[in-house]
Number of protein chains: 2
Amino acid sequence: MKTLEGIQVLDLTQAYSGPFCTCQLADLGAEVIKIEPAKWGDQTRSWLPKKNGVSVYYTFVNRNKKSVSLNLQSDEGRQIFLELAKNTDVIVENLRPGAVAKLGLDYETVRKVKPDIIYASISGFGQYGPERDRAAYAIIAEAMSGHMDHTGFPDGPPVKTGLSMADTFAGLFAFAGILLALYHREKTGEGQYIDVAMLDCLFSATESAIINHSVFGSNPTRMGNRELFGAPYDCYKAADGYYVLGVGTEKAWKNLCKVLGKPELIDDPRFSSMESRKANEEELTEIINHFGSTKTRAELEELMSAAGIPYAPVLSIAEVMASEHIKARNMIIEMDDPRTIGKYKIAGIPLRMSASEASIDTTAPLLGEHNVEVLSRIGLSEDDVKTLSEKGVL
Amino acid sequence: MKTLEGIQVLDLTQAYSGPFCTCQLADLGAEVIKIEPAKWGDQTRSWLPKKNGVSVYYTFVNRNKKSVSLNLQSDEGRQIFLELAKNTDVIVENLRPGAVAKLGLDYETVRKVKPDIIYASISGFGQYGPERDRAAYAIIAEAMSGHMDHTGFPDGPPVKTGLSMADTFAGLFAFAGILLALYHREKTGEGQYIDVAMLDCLFSATESAIINHSVFGSNPTRMGNRELFGAPYDCYKAADGYYVLGVGTEKAWKNLCKVLGKPELIDDPRFSSMESRKANEEELTEIINHFGSTKTRAELEELMSAAGIPYAPVLSIAEVMASEHIKARNMIIEMDDPRTIGKYKIAGIPLRMSASEASIDTTAPLLGEHNVEVLSRIGLSEDDVKTLSEKGVL
């Protein structure tokens, strides 16, 4: 059984954070109806790279959704949205704060036609606060959250996450908020409004940085791939790429000395405790790199695993996709849409739940593909849809 | 109203991923009873830095929870756990895969005494698959997910996130899974098992990397703070730190040229389109750094905001904590525990929900602080608790 079957979502989101949220809902069985600007659709439909004129970016994060094209700036478009809202459980939007109010489609307006609506807004800085209107690019939220200052090397510039943590984090918190609101509605009959900000989400996940600053006055910053607590715990160079070691116990350290062919290091005072290894980390790194830089990651994997030393190769996306483990976890889904980009692969669903099924069944929709199907529910005929399209409402 | 009030959670998690999940549940009103190893407690109780002998790491992520010390390797400890489970809604654990089965406390065992239990396991690689038993340090999951290869500069090594994205990501997916399971139980009466792996979660959030590889055969890797789509979108050096710009429109570009005092660049063919700016990004970066490196971030902020150019300073944690916006969003909570570390600050709650309250009310518990309170519910007296403590069961 899909737990969210029967739940209807009107999805006013674009780009990544919102669509990442609503694709989780869709994978769990909700009917996600993506309301896209009538002429252009979601802005990602124009993002490069494309195949056969279709954006691959749009394609991966909008699977399992339906598309209705709707000009919300027209009176008729707005009325259609409100008609649809009457039978909707959840609305999600990630327009600029204030934009849905300008359209006359904010929470207060919608709840007049659907009192128990669950209405989630995702934004960079939230619906209130002095920075509310600041541009919400992911790099801007990362820069202002403390994460970027903490990522990278001490002698180099701050580094953003390569694969936009700000968007996925906000999308996930919104996803959780919507699930909580559904549970709340099931118990009380009551809907509600949810305000999720990228900055709040990132700031709430800054680990011990805040408490450390408040208690010790310390202002920690980036330290590459190392950790304060000890060494070796870092990223090192192999002959064919990089790998990481996480030596957290004395046992693992002793085994590492044997693998390095230097059992004498076990009793060497420079390295005989976590503290001394941390103090002499540069020397230690040289020894490890001297050993490892002439070996492949596969050779190192064999040596390290046999000795029980926590090790991992740093894998490229192509290598991750070839991993037997990723395959065994069914984390790669093969799709095919002859109407658009043909065959392609996307990531599977990380929530493995014994009673709540999840699956990816349909490819991303064409713009307005479901206009007739969805709008017939509010009494519009195929002819009506045609007329509205000609008028630019759809 | 707190939506999760009345929900009891037995929390078998340690370190960061699991406690991050269960503190979300606690903030929303669940009673989270942390079951800690009788002698030592959660391993983070020993983590540095400490104040007054108490770990600040343990303190921030275990607020709002109760603590019961319990030796689960003893028969009596195990029986006590199963007695408690009879009145529990949710169990969360992040031991090594297989460990709860060895203890005789796995899902199949617990559901015999509590058929509708919701039981979530968080691990590095999941409960099945060839890598199941690999050490689950965050850096190892990041290395094997593709994220680390994508973060950092092209001419430097891969970079892990400074503030452990692997843990918070897995914690958040588990949080969402538990909320979905509560909703499912409310509708069907049925409990279930949830298997969440750091690697699956990270891999599912690799943006367009997977589809790009599958469609175009490309194997993209890290590119610092830049983006493929255009420029200037990067991190730059100011006199007193770093800042980021995200110039995504021609309008913002024209305004930037004026701010730089170089209106002639607007029509310069090297920079007159997004494509040409991207092609001449190095020159562009030099021009921006020449202008910005002698100005403070505050001066730049004023110039850029006045001109409507997406800008942000890269803030340290201390600077983020001083931000008026973070304060206005109530994202810093002041706590005080005279028994342990005294006054301290932690991050607030990012989920802003109009009908589901959330709050942080109690500081982190002492080890076994709630033994008497919790164990009295299964009929144990204060004397029983004392005897069990002396025997090492508590």
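Quick summary incoming for the structure in this document. Here the structure is a predicted model, which means the values were calculated and not measured. (Residues numbered from 1 in each chain as written. Chains lettered and ligands numbered in written order. Predicted model: local features only at pLDDT ≥ 70, side-chain atom pairs only at ≥ 80, totals over all residues. Heavy atoms only, no water.)

1. Describing the packing of aromatic side chains
A ring pair, where both rings are aromatic, is described by two values, the distance of the centres and the angle of the planes. Residues and elements named next belong to chain B. Throughout the structure, instances matching the rule amount to 29 aromatic pairs over all chains. A ring pair is formed by Tyr16 and Phe20, whose centres lie 5.7 Å apart and whose planes are at 65 degrees; its orientation type is edge-to-face. Like Phe20, Tyr16 is buried. Seen from their ring centres, Tyr107 and Tyr193 are 5.5 Å apart, and the 35 degrees between their planes marks the pair as tilted. On the criterion of sequence distance, the pair formed by Tyr107 in helix H5 (residues 107-113) and Tyr193 in strand S8 (residues 192-197) is long-range, its members being 86 residues apart. (Phe/Tyr/Trp six-rings, centres within 6.5 Å; stacked < 30°, edge-to-face > 60°. Buried < 20%, exposed > 50% of the residue type's maximum accessible area, 1.4 Å probe, protein only. Helix = DSSP H or I, 4+ residues; strand = E, 2+ residues; numbered from the N terminus.)

2. So, the environment of A:Ala166
Inspection of the secondary structure puts A:Ala166 in helix H8 (residues 165-188). The spacing of A:Ala166 and A:Ala138 is 28 residues in sequence and 5.4 Å in space, taken between C-alpha atoms.

3. Structural notes on the packing of helix H1 (residues 17-27) of chain A against H8(A)
Residues and elements named next belong to chain A. One way to put it is that H1 packs onto H8 with a least axis distance of 8 Å and a crossing angle of 40 degrees. For the element pair H1 / H8, the angle class is oblique. For the pair H1 and H8, the sense of crossing is right-handed. Contacts from Ser17, Phe20, Cys21, Gln24 and Leu25 of H1 reach H8 at Asp167, Thr168, Gly171, Leu172, Ala174, Phe175, Ile178 and Leu179. (Axes fitted to C-alpha atoms, helices over the stretch in contact; angles between N-to-C directions. Parallel < 35°, antiparallel > 145°, perpendicular 65-115°, else oblique. Left-handed = near helix turned anticlockwise from the far one by under 90°. Contact = heavy atoms within 4.5 Å.)

4. Focus on the side chain of B:Ser55
All names here are of chain B. Examined against the element boundaries, Ser55 turns out to sit in strand S4 (residues 54-55). With relative accessibility at 2%, the residue Ser55 sits in the buried group. One polar contact links the side chain of Ser55 to the main-chain carbonyl oxygen of Thr44, over a distance of 2.9 Å. Engagement of the side chain of Ser55 in a polar contact is seen with the backbone nitrogen of Tyr58, the distance being 3.1 Å. (Polar contact = N/O pair within 3.5 Å; in protein donor to acceptor, adjacent residues only side chain to side chain.)

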